[in-house]
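For reference, the chains in residue letters:
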Amino acid sequence: MNTTLRLAISTLLAGLISLAPSAHAGTKTSKNSTPKTAAVNTEFAHFSQWKEVAEFIAQMETKHGMNKTDLETSFNQIRYVESAIQLIKPAPNGKPKNWKAYRARFVDNYRIEAGLAFWDLYGDALARAEKQYGVPAEIIVGLIGVETVFGRNTGNFRVMDALTTLAFAYPDTPTREARMKFFRGELESMLLIARDSVVDPFSFKGSYAGAIGWPQFMPSSIRSYAVDFDADGKIDLIGSPVDAIGSVANYLAQHGWKAGLPTVFPATLVNNENDAGKLNEALAQGLKASYRLEELKPIATTANPDAPTQLSYGLVDLQNGLEATEYWLATENFFAITQYNRSYFYAMSVIDLGKVIASARVK
C-alpha cells in the first residue's frame, strides 16, 4: 500500500477511535455478517405488563437482589423492535450457498486498508495478545475486521430494546422456545453488566441481536471472556480497541485455540463411490476435529506436505452455488473460530482476511 495513503487511513481511524463512546462511562454504545446499521423500527409495547416479563423481573429480584420497582421502570421504557424480528428470521430457502460471494463481501480492499491501519496503530497490543493467549495477530485482526470493519459498524440498536424483543416476542420458528431462553439469559447478563458498572443499561447500542462493541460480544460473553487489556481499570469493548483485542484473543483461547497449530489445509475428495457413506458421515461430524489424516485417506487427502499427521481434523465443505464445492481439512483452531460464529463461511473469511492483511504488511 502507498505509504501516504496508509498514513492517512491510520489518522482517520485514530480520529474515529477518539470519538468512540465508552459504555462504562455511561455514554451510548453483534455477532454476525448480518446488518448492524439497518433501520430501527420501534414502538412501545408496555412490556412491564406482560406476564412473562413480570416473571422475569421477579426472578431478577430473587436471584440477583435487583429492585423490582427499578426493573419495572426500565421495562416501561423498552420499545418493541420490529426490524430485529425481521432480521432474526431464517433466510428463505431456495438460493444456494456461495462461498466465493460471501468471501468477496468481507475480504475486500476497504477492509484490507482499514486492517492495515488498525495493525499499524495497535501492533504492540496485538503482539502482546498473541504472546499471552497464543492467538496470532492476523486472526484477531481478521475477526474484528469481519465483525465491525474495525469499529466502524458496531450497530445502532438499543441493546435493551433488541434483547427484550427477542427474549419475549421471538418469531414463530421451530427453535422459538430455545432462542427466547437464550435471549432472556443475555438480557439478564445485560442488566447485571449495567448494575455492576453503574451504567444506564439504555446507553448501550449494538446489533439487532444485542451484540456489543468492536468485537460484537453478546452480554454473557462480556461477563465471561472480556478483559481489561489496556489496564485502565475497566472493561470497555466500545471505546477501547485494546480491550477488544485482548478479549477476542481470550475468547478464542478459552474455546479451544492452541498456540502454534495451523487452521486449514486444502483437500481433494477421493473418487470412490463405495465410500459415499463415509464422506457424508465425515461432513456431518459438526464443529469439531474428529479424524486423523490416515482415517480420512479413503475419502479426502491434502497435497500440502506441511499437514501434521498427529493432528485431528474435520472435513469442511464450502459450497459455491452452481460451481464446484471446495473442501478443506480443518484443525481444532478452525473450529475454535466457529465457536464465535457457528459458520464455516465465517471462520474461513476471518482466516482469509487476516492472512491477506498480514501479507500486505510485508509488501
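Please refer to the structure higher up on the page.
On a predicted model such as this, the values are computed, not experimentally measured, just so you know. (Residues numbered from 1 in each chain as written. Predicted model: local features only at pLDDT ≥ 70, side-chain atom pairs only at ≥ 80, totals over all residues. Heavy atoms only, no water.)

Engineer: Go over the overall build of the protein chain with me, naming the residues and quoting the values.
Structural biologist: The number of helices and strands found in the protein chain is 15 helices and eight strands. Counting over 363 residues, the protein chain shows a buried share of 50%. If you sum the accessible surface of the protein chain, you get close to 16,900 Å²; carbon and sulfur atoms cover 50% of it. (Helix = DSSP H or I, 4+ residues; strand = E, 2+ residues; numbered from the N terminus. Buried < 20%, exposed > 50% of the residue type's maximum accessible area, 1.4 Å probe, protein only. Areas by Shrake-Rupley, 256 points an atom, 1.4 Å probe, with all protein chains shown as cover.)

Engineer: Give a detailed account of the packing of aromatic side chains, specifying residues and quantitative values.
Structural biologist: Counted according to the given criterion, the structure contains 22 aromatic pairs. Relative to Tyr251, the ring of Phe217 has its centre 5.7 Å away and its plane inclined at 55 degrees; by these criteria the two rings are tilted. Of this pair, Phe217 sits in the loop between β4 (205-206) and α10 (219-225) while Tyr251 is found in helix α11 (residues 241-254), placing the two residues 34 residues apart along the sequence. Judged by its relative accessible area of 1%, Phe217 is buried. In this structure Tyr251 comes out as buried when scored by relative accessible area, which is 6%. A ring pair is formed by Phe265 and Tyr313, whose centres lie 6.3 Å apart and whose planes are at 65 degrees; its orientation type is edge-to-face. Within this pair, whereas Phe265 is found in strand β5 (residues 264-269), its partner Tyr313 is found in the loop between β6 (300-301) and β7 (314-320), the two being separated by 48 residues in sequence. Summarising the burial analysis for this pair, Phe265 and Tyr313 share the class buried. An aromatic cluster of three or more residues is present, and its members are Phe217, Tyr225, Tyr251, Tyr340 and Tyr346. Directly above the aromatic system of Phe229 lies the positively charged group of Arg128, at a separation of 3.8 Å from the ring centroid. (Phe/Tyr/Trp six-rings, centres within 6.5 Å; stacked < 30°, edge-to-face > 60°. Lys NZ or Arg CZ within 6 Å of the ring centre and 35° of its normal.)

Engineer: Give a description of the pairing of strand β8 (residues 323-330) that names residues and reports values.
Structural biologist: Relative to β8, β5 runs antiparallel, the two being bridged by four bridges. Bridging across to β8, Ala267 finds its partner in Tyr327. Relative to β8, β7 runs antiparallel, the two sharing six bridges. Counterpart to Leu318 in the pairing with β8 is Glu326. The turn joining β7 and β8, which pair antiparallel and follow one another in sequence, is formed by two residues; a positive phi near 65 degrees is taken by Gly321. (Pairing = 2+ DSSP bridges.)

Engineer: I'd love a proper account of the side chain of Thr165, names of residues and values included.
Structural biologist: As for its placement among the helices and strands, Thr165 is situated in helix α8 (residues 159-168). Among the polar contacts listed, one links the side chain of Thr165 to the backbone nitrogen of Val81, at a separation of 3.0 Å. Contact partners of Thr165, with chain neighbours within four places excluded, come to Phe47, Arg79, Tyr80, Val81, Ile85 and Tyr170. (Polar contact = N/O pair within 3.5 Å; in protein donor to acceptor, adjacent residues only side chain to side chain. Contact = heavy atoms within 4.5 Å.)

Engineer: How would you summarise helix α3 (residues 68-75) if you had to cite specific residues and measurements?
Structural biologist: Of the positions making up α3, those classed as buried are Leu71, Ser74 and Phe75. One face of α3 carries all of its buried residues, which in axial projection span an arc of 95 degrees. Structurally, α3 contributes buried residues whose contacts are with α2 (51-64), α8 and α9 (176-197). Sitting at the head of α3, Asn67 places a side-chain oxygen 2.9 Å from the backbone nitrogen of Thr69. (Arc of directions from axis to C-beta.)

Engineer: Describe empty space enclosed by the protein, naming the residues involved and giving the relevant values.
Structural biologist: Of the volumes computed, that of the second largest cavity is approximately 30 Å³. Lining the second largest cavity are Ala282, Leu283, Gln285, Gly286, Lys288, Gly314, Leu315, Phe335 and Tyr344. Of all the elements in the fold, those that place two or more residues in the lining of the second largest cavity are α12 (276-283) and β7. Residues belonging to the lining of the second largest cavity are distributed by class as follows: five nonpolar, three polar and one charged. (1 Å grid on protein atoms, 1.4 Å probe; cavity = no way out; pocket = protein on both sides within 12 Å on 5 of 7 lines; lining within 4 Å. Points joined across faces, edges and corners; volume = space filled by probe spheres on them. Nonpolar A, V, L, I, M, F, W, Y, C, P; charged D, E, K, R; others polar.)

Engineer: With reference to specific residues and values, describe the pattern of salt bridges.
Structural biologist: Summed over the entire model, instances satisfying the criterion amount to 10 salt bridges. Salt-bridge contacts for Glu188 lead to Lys63; the nearest nitrogen and oxygen are separated by 3.0 Å. Here Glu188 is found in helix α9, whereas its partner Lys63 is found in helix α2, with 125 residues between them in sequence. Two residues, Glu332 and Lys258, come together in a salt bridge whose shortest N-O distance is 3.2 Å. One end of the pair, Glu332, is in helix α14 (residues 332-338); the other, Lys258, is in the loop between α11 and β5, and 74 residues separate them in sequence. (Salt bridge = Lys/Arg side-chain N within 4 Å of Asp/Glu carboxyl O.)

Engineer: Just give me the short version of the packing of helix α6 (residues 109-133) against α11, but keep the residues and values in it.
Structural biologist: It is the contact of α6 with α11, at a shortest axis distance of 9 Å, that shows an interaxial angle of 35 degrees. Between α6 and α11 the crossing geometry is right-handed. Across from Phe118, Tyr122, Ala125, Leu126, Arg128, Ala129 and Tyr133 in α6, the residues of α11 making contact are Pro241, Val242, Ile245, Gly246, Ala249, Asn250 and Ala253. In the contact of α6 with α11, the residues fall into 11 nonpolar, two polar and one charged. (Axes fitted to C-alpha atoms, helices over the stretch in contact; angles between N-to-C directions. Left-handed = near helix turned anticlockwise from the far one by under 90°.)

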